[in-house]
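# Structural characterization, general
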Amino acid sequence: MNLHISQKASSISPSATLTIDAKFKSMKAEGIDVVGFGAGEPDFDTPQHIKDAAIKAINDGFTKYTPASGMLELKKAICEKFKRDNALDYTPANIVVSNGAKHSLVNAFSAICDPGDEVIIPAPYWVSYPEMVKLADAVPVIIETREEDHFKFTVEELHEVVTEKTRAIVLNSPSNPTGMVYTKEELRKIADYAVEKNLYIVSDEIYESLIYDGEESVSIASFNDRIKDLTIVVNGVSKTYAMTGWRIGYTASNEAIAKVMSNVQSHATSNPNSIAQVAAIEALRGPMDTVWEMKKAFKERRDHMVKRVNEIEGVSCKMPQGAFYIMMNIEKLLNKEYYGVFVKDSDAFCTLLLEKGKLALVPGSGFGAPNFVRWSYATSMENIDEGLNRLEKFITNQL
Ligand SMILES: Cc1ncc(COP(=O)(O)O)c(C=O)c1O
């Protein structure tokens, strides 16, 4: 049969991270001894007090539709969070609760982009941003950053790619995949530039609670009212509270943008899961001790992993300041033969590493960084050591 498939939908690439994770899981299901570092989710369980709140919600019969953009009580809890953590004053009218931060981002781009608008995305970027921008009929414009600059762009570099059509800049600090964190001063310069040019900032702050070494978490929206109006802050409970499966994300933005996003969402999905919304209230208002324990474990794993990676001949990485990822530079390992196969890029490297080395890493190509591979350290210390041992054996042709 000759099926017509839309050109726009056909142009969307599958997620590189989910693809490698699916392959890893299917190998595991076949009983193959494979170690995986592809997952972008905490390996910890959701804290018990959050689960209890959800169980209570079910038993109380809180199982009906809520307002499409989220319950008022959750919006209030989100406003309290912004006040407490980011010194930002919002009211429930500024908040839209969605099915994960991914959904919040899709709503954000659809609210601000017209066909042909350009959205600037610094590379290495989270795999979904360019595809989301394309889904909104806009055009992703990539700014390349360098490892020696800790993968950060400057306002001068930004200025070079801004055109009449530029609508927005995507900021993701701490970053997936690089773990870099913009300083307050760097953010201030970007904010001033965005105000001068009247550009939106889509600020994905989903990893804000995972900043190590005493660096502070700053939302770009917090500098003044003008940048606050131009910023759509995106956040959620997935990473901070180990709640990836619950699917609650949210935005804070100017009321007019919130209204449009809410309208779009009301037709696309209606409200996010009512029980997960109650759980999110408990997450945002409840005790934070488990969050700080998880953060402590992530920091220990990061320190260990960075040290070991830099001891391995041929690969290297910078110390990330946040999130739970490491970008490993594999440039010196490319354009060589391993086990009779010529490896020219990170895709070929990761494919062979998975097949031969039984080690799942994510190729940097999906992040716009073809000479890198991404490790996630959201896994146990034993796994980390096992993975690094396998990498060492693989690259020294010992398998
Ligand atoms: C940078 C970034 N933004 C957003 C998300 C989406 O998170 P959620 O689970 O809330 O959809 C992720 C998840 O991997 C992420 O890494």
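The structure under discussion appears in the preceding block.
Here is a short report on the structure shown in this document. Just so it is clear, the structure is predicted and the values come from calculations on it, not from any experiment.

The subject of this paragraph is the pattern of salt bridges. In total, this model carries 27 salt bridges according to the counting rule given. With a closest N to O distance of 2.9 Å, Asp303 and Arg302 form a salt bridge. Residue classification places Arg302 among the buried residues on the basis of a relative accessible area of 1%. Taken together, the shared-partner salt bridges connect Lys81, Arg84, Asp85 and Glu208 into one network.

This next bit is on empty space enclosed by the protein. Applying the stated criterion across every chain, the model contains five cavities of 30 Å³ or more. Its volume calculated, the largest cavity comes out at about 110 Å³. Forming the boundary of the largest cavity are 15 residues, of which Pro122, Pro124, Asn172, Ser175 and Met180 lie nearest the centre. Among the elements of the structure, β3 (118-123) and β5 (166-172) are those that each provide at least two residues to the lining of the largest cavity. Here the element with the most residues in the lining of the largest cavity is β3; it accounts for three residues.

So, about the sheet that holds strand β14 (residues 372-376). Pairing within the open sheet is antiparallel, and its three strands lie in the order β9-β14-β13. Two strands bound the open sheet, and with one partner strand each, they are β9 (325-329) and β13 (362-363). Note that β9 and β14 share five bridges and pair antiparallel. Looking at β14, one finds that Met328 is bridged to Val373.

Enumeration according to the criterion identifies 16 aromatic pairs in this entry. Between Phe37 and Trp375, the ring centres sit 4.7 Å apart and the planes meet at 70°, which makes this aromatic pair edge-to-face. Taken as a pair, Phe37 in the loop between β1 (35-36) and α3 (48-59) and Trp375 in strand β14 lie far apart in primary sequence, 338 residues in all. One exposure class covers both Phe37 and Trp375, and it is buried.

About the thresholds
Residues numbered from 1 in each chain as written. Predicted model: local features only at pLDDT ≥ 70, side-chain atom pairs only at ≥ 80, totals over all residues. Heavy atoms only, no water. Salt bridge = Lys/Arg side-chain N within 4 Å of Asp/Glu carboxyl O. Buried < 20%, exposed > 50% of the residue type's maximum accessible area, 1.4 Å probe, protein only. 1 Å grid on protein atoms, 1.4 Å probe; cavity = no way out; pocket = protein on both sides within 12 Å on 5 of 7 lines; lining within 4 Å. Points joined across faces, edges and corners; volume = space filled by probe spheres on them. Helix = DSSP H or I, 4+ residues; strand = E, 2+ residues; numbered from the N terminus. Pairing = 2+ DSSP bridges. Phe/Tyr/Trp six-rings, centres within 6.5 Å; stacked < 30°, edge-to-face > 60°.

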